[in-house]
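If you want the building blocks of each chain, they are given just below.
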Amino acid sequence: GDRLKESLEVRRAFNTLDLGTQATQLGLCERPMVGTATAAGGADGLTRHNRWRLFGLFSLGIEAGGSAIDSGNVGCHRPKRVMAPIFQSRLAGPHQYPSFVQLAALRIGDMLVGVVPAEVTTMAGLRIMGAMQSERPMHVAEDHVAILGIANGHIQYVTTREEYWAQLYEGSSNVYGPGTAEMLQAQLRSLTQSLKADNPTVVVGPITVKPGPPWVGWPPMQSSRPCSDRSGC
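A few points on the structure. If you're wondering where the values come from, they're calculated on a predicted model, not measured in any experiment.

## Here's the deal with the overall build of the chain
Right, on to step 1. Assigned secondary structure in the chain consists of 7 helices and 10 strands.
Right, on to step 2. Of all 233 residues assigned to the chain, the portion counted as buried reaches 39%.
Right, on to step 3. Once local pairs closer than 6 in sequence are excluded, the contacts in the chain between residues at least 24 apart make up 72%.
Right, on to step 4. As presented, the chain carries roughly 13,800 Å² of accessible surface, and 56% of it is formed by carbon and sulfur atoms.

Put into structure tokens, the structure is as follows:
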């Protein structure tokens, strides 16, 4: 209708965070960890492991809430009952979860979009939007602000601090701890504010990728003969 325009001004502010080295100063847990409730699955897709007990007697916290809340955990991830902490912290190595976060605030005409590499819950998303609305350019209406999730990466779920303490599937899968949503709020607020400047913030990379060791014999060779390029391999 009358909102269509022949051209739109596009501005962006972009930032790259290395959580491997910046986690503590950003208010996050230094080592990402998943909780036991993750193994139970979401409310709309429970797994076969939900409420599984060792020898049928001892609860390991594989459920939503309940024993997945570890009142004795006084560490950064409290009150999350961490799943197999020795495996996650030692055997799985330091790169089992994404450690780089790419964030952006985009102004497309009179629309403001916050870009986050995570699946944010409804309330966490609303709070991030509220932070952006407080710093939006004057010609951007309050209801023209949106969040674009799972973009430029994926650091799992992000919940509010209150949702994190409930330790349902989403909070359990919030791997960098209860302060993650608040970190995103602060970062997106700052990026939105920089859109008003002549030169918005743009910090790109570098990003280090840790794919792990190659699988021996995989993928299978289509031909047994040696090859110097991809043809015949």
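From this point, the discussion proceeds with the structure in view.
## Considering the nonpolar core
Right, on to step 1. Counting residues in each nonpolar core, the largest one holds 30 residues, and the members touching the most others are Leu17, Leu19, Leu28, Leu103, Leu184 and Leu188.
Right, on to step 2. Those elements that place two or more of their residues in this core are strand 1 (10-18), strand 6 (100-108), helix 4 (122-133) and helix 7 (180-194).
Right, on to step 3. Counting residues per element, this core draws most heavily on helix 7, at 5 residues.
Right, on to step 4. With near-sequence residues (within four places) excluded, Leu103 lies in contact with Ala13, Phe14, Asn15, Leu17, Val115, Val116, Pro117, Leu184, Gln187, Leu188 and Leu191.
Right, on to step 5. One finds Phe14, Val113, Val115 and Ala151 within the second-largest nonpolar core, a separate group that totals 5 residues.

## Things to note about unusual backbone geometry
Right, on to step 1. Across the junction of Arg78 and Pro79, the peptide omega takes the value 0°, indicating a cis bond.
Right, on to step 2. Tracing the backbone shows Pro79 in the loop between strand 5 (58-59) and helix 3 (85-91).
Right, on to step 3. The phi angle at Phe55 is positive, at roughly 60°, despite the residue not being glycine.
Right, on to step 4. Inspection of the secondary structure assignment puts Phe55 in the loop between strand 4 (53-54) and strand 5.
Right, on to step 5. Even without being a glycine, Gln167 presents a positive backbone phi close to 50°.
Right, on to step 6. With respect to the helices, strands and loops of the structure, Gln167 is situated in the loop between helix 5 (161-166) and helix 6 (169-172).

## A short note on the state of the cysteines
Right, on to step 1. Applying the stated criterion across every chain yields a total of 1 disulfide.
Right, on to step 2. Note that Cys29 is cross-linked by a disulfide to Cys76, the S-S spacing being 2.0 Å. Across the S-S bond linking Cys29 and Cys76, the dihedral sits near -100°, which makes this disulfide left-handed. Pair noted here: Cys29 is in the loop between helix 1 (19-22) and helix 2 (37-40) and Cys76 is in the loop between strand 5 and helix 3, with a separation of 47 residues, a long-range link.
Right, on to step 3. By relative accessible area, which is 1% here, Cys29 ends up buried.

## Points about the pairing of strand 7 (residues 111-115)
Right, on to step 1. Taking burial as the measure, the 5 residues of strand 7 include 4 buried ones, the bulk of the element.
Right, on to step 2. Here strand 6 pairs with strand 7 via 5 bridges, running antiparallel. Following the sheet pairing, Arg107 is matched in strand 7 by Leu112.
Right, on to step 3. Connecting strand 6 to the next strand, strand 7, in antiparallel fashion are 2 residues, including Gly109 with a positive phi near 65°.
Right, on to step 4. Here strand 7 runs beside strand 9 (residues 145-148); their pairing, made up of 4 bridges, is parallel. In the sheet register, Gly114 faces strand 9, and the bridge partner there is Ile147.

## Brief notes about the pattern of salt bridges
Right, on to step 1. A full pass over the atoms with the stated rule returns 5 salt bridges.
Right, on to step 2. Measuring nitrogen to oxygen at the nearest pair gives 3.1 Å for the salt bridge that ties Arg51 to Glu63. Placement of the pair is Arg51 in the loop between strand 3 (45-46) and strand 4 and Glu63 in the loop between strand 5 and helix 3, with a sequence separation of 12 residues.
Right, on to step 3. On the basis of relative accessibility, which here comes to 59%, the residue Arg51 falls in the exposed class.

## With respect to the sheet that holds strand 9
Right, on to step 1. Taken in spatial order, the 4 strands of this open sheet run 1-6-7-9, and their pairing is mixed. The outermost strands of the open sheet, each flanked by one partner alone, are strand 1 and strand 9. When the angles between neighbouring strand axes are averaged without regard to direction, this sheet yields 15°.
Right, on to step 2. Set on the sheet, helix 7 makes contact with strand 1, strand 6 and strand 7; between it and strand 6 the angle comes to about 40°.

What counts, and at which threshold
- The residue count restarts for each chain, going from 1 along the sequence in the order it is written.
- Since the coordinates come from a predicted model, pLDDT governs what is reported: local features require at least 70, and pairs of side-chain atoms require 80 or more to be given and counted, while whole-chain, interface and lining totals use all residues.
- Based on all heavy atoms of the structure, the side-chain values leave hydrogens and waters out of the count.
- Working definition: helices are DSSP H or I runs of at least four residues, strands are E runs of at least two. Numbering for both runs from the N terminus.
- Relative accessibility under 20% of the residue-type maximum defines a buried residue, over 50% an exposed one, and the middle range a partly exposed one, all with a 1.4 Å probe and only protein chains included.
- Note on contacts: a residue pair is in contact if any heavy atoms of the two residues lie within 4.5 Å.
- Residue burial considers only the protein chains on display, and all accessible areas are found by Shrake-Rupley using a 1.4 Å probe.
- Here, nonpolar core refers to any group of buried Ala, Val, Leu, Ile, Met, Phe, Trp, Tyr and Cys residues whose side-chain atoms link them within 4.5 Å.
- In this description, a disulfide is simply a cysteine sulfur pair whose atoms lie within 2.5 Å.
- DSSP calls a pair of strands paired once it identifies at least 2 bridges connecting them.
- When a carboxyl oxygen of Asp or Glu lies within 4 Å of a side-chain nitrogen of Lys or Arg, that pair is called a salt bridge.
- For helices, the axis comes from a line fit to the C-alpha atoms of the stretch in contact; other axes are also lines fit to C-alpha atoms, and the angle between any two N-to-C directions lies between 0 and 180 degrees.

Read these as spatial facts, not as claims about activity.
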